[in-house]
Amino acid sequence: MVLIGAGSAVWWTRYKSLDCHSFSHCVRSSIQYAPPGSPQNKDASPSEPGRHAGHQISSMINNIPPPMEQREKERIASVARQAGDKVAELSEATLDTVLTTVEVLKAKLAEHRAERDRQQELLDRLQSRQDDRK
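Everything quoted here is computed from the prediction, not taken from an experiment.

## What to know about the overall build of the protein
Looking only at helices and strands, the protein has three helices and zero strands in total. When the helices and strands of the protein are read in sequence order from the N terminus, they spell out α-α-α. Taking the intrachain contacts of the protein between residues at least 6 apart in sequence as the baseline, contacts between residues at least 24 apart amount to 52%. For the protein, the exposed surface amounts to about 12000 Å²; the carbon and sulfur share of it is 58%.

## Notes on the confidence of the model for the protein
When pLDDT is averaged along the protein, the result is 76; 58% of the residues meet or exceed 70. The secondary structure element of the protein with the lowest average pLDDT is helix α2 (residues 53–62), at 59, and the one with the highest is helix α3 (residues 70–133), at 92. For the stretch residues 42–49, pLDDT sits under 50, and the model shows six contacts to residues farther than four places along the chain or on other chains.

## Thoughts on the pattern of salt bridges
Within the structure shown, the criterion is met by four salt bridges. Across the salt bridge formed by R75 and E72, the nearest N and O atoms sit 2.7 Å from each other. Of this pair, R75 and E72 both sit in helix α3, three residues apart, which is roughly one turn of that helix. For E72, a relative accessible area of 30% translates into the label partly exposed. R125 is the partner of E121 in a salt bridge, and the nearest nitrogen-oxygen pair spans 3.0 Å. One end of the pair is E121 and the other is R125, both in helix α3 and four residues apart, which spans about a single turn.

## Here we look at α3
Between the first and last C-alpha of α3 there are 94 Å, a value that for 64 residues agrees with the 94 Å anticipated at 1.5 Å per step. If you check which residues of α3 are buried, you get I76, A80 and G84.

## Regarding the environment of A88
Looking at where A88 falls in the secondary structure, it is placed in helix α3. A residue is classified by how much of its surface remains accessible, and A88, at 24% relative accessible area, is partly exposed. Linking A88 and I4, residues 84 residues apart in sequence, is a C-alpha distance of 9.6 Å.

What counts as what
- Residues numbered from 1 in each chain as written.
- Predicted model: local features only at pLDDT ≥ 70, side-chain atom pairs only at ≥ 80, totals over all residues.
- Heavy atoms only, no water.
- Helix = DSSP H or I, 4+ residues; strand = E, 2+ residues; numbered from the N terminus.
- Contact = heavy atoms within 4.5 Å.
- Areas by Shrake-Rupley, 256 points an atom, 1.4 Å probe, with all protein chains shown as cover.
- pLDDT = per-residue confidence, 0-100.
- Salt bridge = Lys/Arg side-chain N within 4 Å of Asp/Glu carboxyl O.
- Buried < 20%, exposed > 50% of the residue type's maximum accessible area, 1.4 Å probe, protein only.
- Expected span 1.5 Å × (residues − 1).

Here is the structure:
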């Protein structure tokens, strides 16, 4: 159960970080290309060695999110734990409700069976009285 909650929490945070507006379609930010003949961004130029030029290009092409900080990881772990606990509570509550419903239905079934047996016994007595009169 905890794995389902943790997985749900991770999925939800990634879903929110991708700016998804519906469950079937996610919106990616578009890559801006420089028109031909215009000066290019120096940081993204592969010919000029720059700080993290390869990482910036890779991030632009693949739309990779920046590395998470430790606090963000802790927050996600906390949300995953809370989601797991909530799923466990909901599962227990659902099982209790189902069990209570089954017990009530079982009692009603026994009650109806007893009533049917009483009616059958009464019908048998009436038929035997009618047979005795004939």
